[in-house]
Amino acid sequence: MSDSVKLSYNDQTFDFPLVEGTENEKGIDIKTLRAATGLITYDPGFKNTGSCKSGVTFLDGEEGVLRYRGYSIEDLCEKSSFIDVAFLLIFGELPTKEEQELFNKEIKNDSLVDEDLKMILKSFPKSAHPMGVLSSLTSALIAFNPSSVDVDSEADMREAIIMLMAKFPILASWTHRKIKGLPLNYANLSLSYVENIAHMMFKRPNEDYTPSPVVVNAINKLLILHADHEQNCSTSTVRVVGSSHAGLFASVSAGISALWGPLHGGANQAVIEMLEAIQKDGGDTKKYMAKAKDKNDPFRLMGFGHRVYKNFDPRARIIKKAADEVLSEMGINDPILDIAKGLEQEALSDPYFIDRKLYPNVDFYSGIIYRALGIPTEMFTVMFALGRLPGWIAQWLEMRKNNEPIGRPRQIYTGHTRRSL
Ligand code: CMC
């Protein structure tokens, strides 16, 4: 097998080396392409562009495989806690008992934010979308924690990571409490990381709150499933912003904005809104299937399709099963779940969806679980962000440790050529 690729242009042949990953993915290293040929590549949406080498997450879109640091998403969901998976993603290995205790202790010690942050939160209207608020508050953390991070210092890096892991759930839950008009609270240090997410979101000021195992297990599973997904839109954003040597909090704040869009993490909100609209419209799924296929209609079947998965999204399989379990454990009969299953059934046997390899993605069933847990629709993408945080941190860290160059693509200019005034 050849270890280089030949490119012919203007009667000349150029050799470019192949790069190969541990799972046999191959790419053409075109770092010298422009210098050698005067050409650049043109790839809108980066559909065929590898932006980095990464050892964090492996994804095989044809086979429906997703692994964090070599461990399958199915095994991790079954046997691990979200905080252990966060440690795995960020530091490369599952924690030993001592590492686990220290990590949890450090996070708990840092589980406070400057009370002045409340003034910033207060200045937002109640109607503000929580993703915008979360991005702003994460960015504001920089002002309250101004120490610069030396990426060559293990201690500095650990401090920044702990700070963000500890403070982010507080900010996320405060966006929820703002919508609900509840007083802002803090973690209960006798609870675990995931229990505390439930505690901080749902505890009312005038009664005790013990998070139920059903709620905690469901959140744990959802957070693990969202924890990383290699070079997706928000993660690429975090890496590109960080490549200018912007700090971790600033980079993650940008990632939150990228995640917000309905083609990315915002799809979980869009799915429920779509299912509710179908229900309100009499439950006629065929009508909406036809709209999704009509090229003159901008409507898309939200929660369907994926840039990389062209067989099935393994996360969607786990979530669909979890949705059934959570609803039955909570004794909820949500007609929206039936509409979702009906749409999936129709799509799976429809040539339009089969030909384009469009399957339910992670967002198709997750909103049904969030709804059952009593989480408002506009908070769904915040839940995604809570899960994605360790992935963003791990990818940012890897990018800085590899000393990757600043992300700065080129373009093919199509505007006016020089003209005179
Ligand atoms: N409904 C109807 N048609 C679709 C859909 C859909 N959901 N998704 C793709 N298509 C069609 C699209 O119109 C195109 O058709 P044609 O070849 O005839 O022009 C073809 O399928 C390929 O679509 P594409 O937009 O070129 O594919 P992409 O890889 O650029 O986009 C996607 C991937 C996820 C943005 C897209 O499938 C989509 O918009 N899905 C709905 C939004 C959604 O559920 N997003 C969540 C993604 S998973 C969560 C995460 O981001 O991590």
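Located above this text is the structure these notes cover.
Residues numbered from 1 in each chain as written. Predicted model: local features only at pLDDT ≥ 70, side-chain atom pairs only at ≥ 80, totals over all residues. Heavy atoms only, no water.

K.L.:
So what exactly am I meant to see when it comes to the pattern of salt bridges here?
P.N.:
Oppositely charged side chains may form a pair once their charged atoms are brought near each other. By the definition in use, this model includes 22 salt bridges. A salt bridge links glutamate 398 to arginine 239; its shortest N-O distance comes to 2.9 Å. Of this pair, glutamate 398 sits in helix H18 (residues 380–401) while arginine 239 is found in helix H10 (residues 233–243), placing the two residues 159 residues apart along the sequence. Each member of the pair glutamate 398 and arginine 239 is classed as buried. By sharing partners, the salt bridges in this structure join Arg239, Glu398 and Glu404 into a single network. (Salt bridge = Lys/Arg side-chain N within 4 Å of Asp/Glu carboxyl O. Helix = DSSP H or I, 4+ residues; strand = E, 2+ residues; numbered from the N terminus. Buried < 20%, exposed > 50% of the residue type's maximum accessible area, 1.4 Å probe, protein only.)

K.L.:
Just to check I follow, could you spell out unusual backbone geometry for this structure?
P.N.:
Residues other than glycine predominantly adopt negative phi, and peptide bonds predominantly adopt the trans conformation. In this model, aspartate 11 sits at a positive phi of 65°, which is unusual for a non-glycine residue. Looking at where aspartate 11 falls in the secondary structure, it is placed in the loop between strand S1 (4–9) and strand S2 (12–20). What makes aspartate 11 exposed here is its relative accessible area of 85%. Even without glycine at this site, histidine 245 takes up a positive phi of about 70°. Mapped onto the elements, histidine 245 comes out in the loop between H10 and helix H11 (248–260). Overall, histidine 245 belongs to the partly exposed group, its relative accessible area being 49%.

K.L.:
Help me out: how do you make sense of the environment of phenylalanine 353 in this one?
P.N.:
As for its position among the elements, phenylalanine 353 is in helix H16 (residues 351–355). Linking phenylalanine 353 and arginine 371, residues 18 residues apart in sequence, is a C-alpha distance of 27 Å. Residues in contact with phenylalanine 353, not counting those within four places in the same chain, are Met289, Ala292, Lys293, Leu301, Phe304, Ala347 and Leu358. (Contact = heavy atoms within 4.5 Å.)

K.L.:
What's the story with the pairing of S2 in this structure? I'm lost.
P.N.:
Look at any regular strand and the pattern is simple: side chains alternate between the two faces of the sheet. Taken together, the 6 bridges between S1 and S2 define a ladder with antiparallel strand orientation. By the bridge assignment for S2, valine 5 is matched with phenylalanine 16. Direction of pairing for S2 relative to strand S3 (residues 26–28): antiparallel, over a ladder of 3 bridges. Bridged to valine 19 within S3 is glycine 27. (Pairing = 2+ DSSP bridges.)

K.L.:
Looking at this structure, how should I read the nonpolar core?
P.N.:
It is characteristic of soluble globular proteins that their nonpolar side chains tend to be buried jointly. Ranked by internal contacts, the top residues of the largest apolar core, which has 119 residues, are Tyr68, Met165 and Leu275. If we ignore the near neighbours within four places in the chain, the residues touching methionine 165 are Ile83, Ala86, Ile90, Ile107, Tyr193, Leu389 and Ile393. (Core = buried A, V, L, I, M, F, W, Y, C linked by side-chain atoms within 4.5 Å.)

K.L.:
Explain the site of the ligand to me, please; I cannot follow it from the model alone.
P.N.:
The environment of the ligand is formed by 22 residues, the closest being His264, Arg300, Leu301, Gly303 and Arg307. Side-chain polar atom of lysine 47 to an oxygen atom of the ligand: 3.3 Å apart, as the coordinates give it. Between an oxygen atom of the ligand and a side-chain N or O atom of arginine 356, the distance comes to 3.0 Å. Protein chains bury 78% of the 940 Å² of accessible surface belonging to the ligand in isolation. (Near = heavy atom within 4 Å. Polar contact = N/O pair within 3.5 Å; in protein donor to acceptor, adjacent residues only side chain to side chain. Areas by Shrake-Rupley, 256 points an atom, 1.4 Å probe, with all protein chains shown as cover.)

K.L.:
Looking at this model, I keep getting lost on the packing of aromatic side chains. Mind explaining?
P.N.:
Geometry of an aromatic ring pair is reported as the spacing of the ring centres plus the angle between the planes. All chains considered together, the criterion is met by 12 aromatic pairs. Ring centres 5.9 Å apart and planes at 40° place the aromatic pair phenylalanine 82 and tyrosine 193 in the tilted group. Note that phenylalanine 82 is positioned in helix H3 (residues 82–91) and tyrosine 193 in helix H8 (residues 193–202), a separation of 111 residues in sequence. Each member of the pair, phenylalanine 82 as well as tyrosine 193, is classed as buried. Judged by centre distance (5.0 Å) and plane angle (80°), the rings of phenylalanine 304 and phenylalanine 364 are edge-to-face. (Phe/Tyr/Trp six-rings, centres within 6.5 Å; stacked < 30°, edge-to-face > 60°.)

Function-wise, these values are silent; they only describe arrangement.
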